[in-house]
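Letter by letter, the chains look like this.
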Amino acid sequence: LAQVFLLKLPGATVVASVQFLAVPAMMNDIKGAMGDAKAGLTDAATDAAKKVIEEELAEKAPESLKPLFPCCGGPVGTMDRCICMVQEDQREQVKSAIEKYRSL
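Calculation rules
Every chain is numbered on its own, with residues counted from 1 as its sequence reads. In view of the model being predicted, local features appear only for residues whose pLDDT reaches at least 70, and side-chain atom pairs are presented and counted only at 80 or more, with totals across whole chains, interfaces and linings using the full set of residues. Where side-chain values are given, they derive from all heavy atoms of the structure, hydrogens and water being excluded. Per the convention used, a helix needs a DSSP run of H or I reaching at least four residues, while a strand needs a run of E reaching at least two, with both numbered from the N terminus. Contacts: residue pairs with any heavy atoms within 4.5 Å of one another. Using a 1.4 Å probe, accessible areas were evaluated by the Shrake-Rupley method; residue-level cover was limited to the displayed protein chains. Only protein chains enter the accessibility calculation, which uses a 1.4 Å probe; a residue is then buried when its area is under 20% of its type maximum, exposed when over 50%, and partly exposed in between. A side-chain nitrogen of Lys or Arg and a carboxyl oxygen of Asp or Glu constitute a salt bridge if their distance falls within 4 Å.

**Remarks on the overall build of the protein chain**
Moving on, step 1. Within the protein chain one finds 4 helices and 2 strands.
Moving on, step 2. For the protein chain, the sequential pattern of α-helices and β-strands runs β-β-α-α-α-α.
Moving on, step 3. The long-range share in the protein chain, meaning contacts at least 24 apart out of those at least 6 apart in sequence, stands at 25%.
Moving on, step 4. Accessible surface for the protein chain amounts to roughly 7,600 Å². Of this, 60% is attributable to carbon and sulfur atoms.

**What to know about helix α3 (residues 74-81)**
Moving on, step 1. Taken across its 8 residues, α3 has 6 buried, putting it largely inside the fold.
Moving on, step 2. Buried residues of α3: G74, P75, V76, G77, T78 and M79, and no others.

**Some words on the pattern of salt bridges**
Moving on, step 1. This structure, assessed with the given rule, holds 3 salt bridges.
Moving on, step 2. D80 is the salt-bridge partner of R102, the closest N and O atoms lying 2.9 Å from each other. Highlighted residues: R102 in helix α4 (residues 88-103) and D80 in helix α3, separated in sequence by 22 residues.
Moving on, step 3. Residue D80 is classed as partly exposed on the basis of its relative accessible area of 39%.

Below is the structure:
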């Protein structure tokens, strides 16, 4: 959108002024869309990282814990609640994976 101002001065002199009103609004829309796209990419990357951690914990989970996944919030929640069931040599890896998952 543009606003045009015409001013007729004595002696047939015409002064024109054009102001483009839509450019700042369009730039804000473009910046907003770019921000949304970045947020979408970040969300997708976060979701992918969470899925990888969930799969990793599901593989490391003892067979006796796997039936508890649906009622304890998936592999992450189950392993967090039942960390004592994890083999000692894997316990630190599981704890760090849970912390990383929660920080995402």
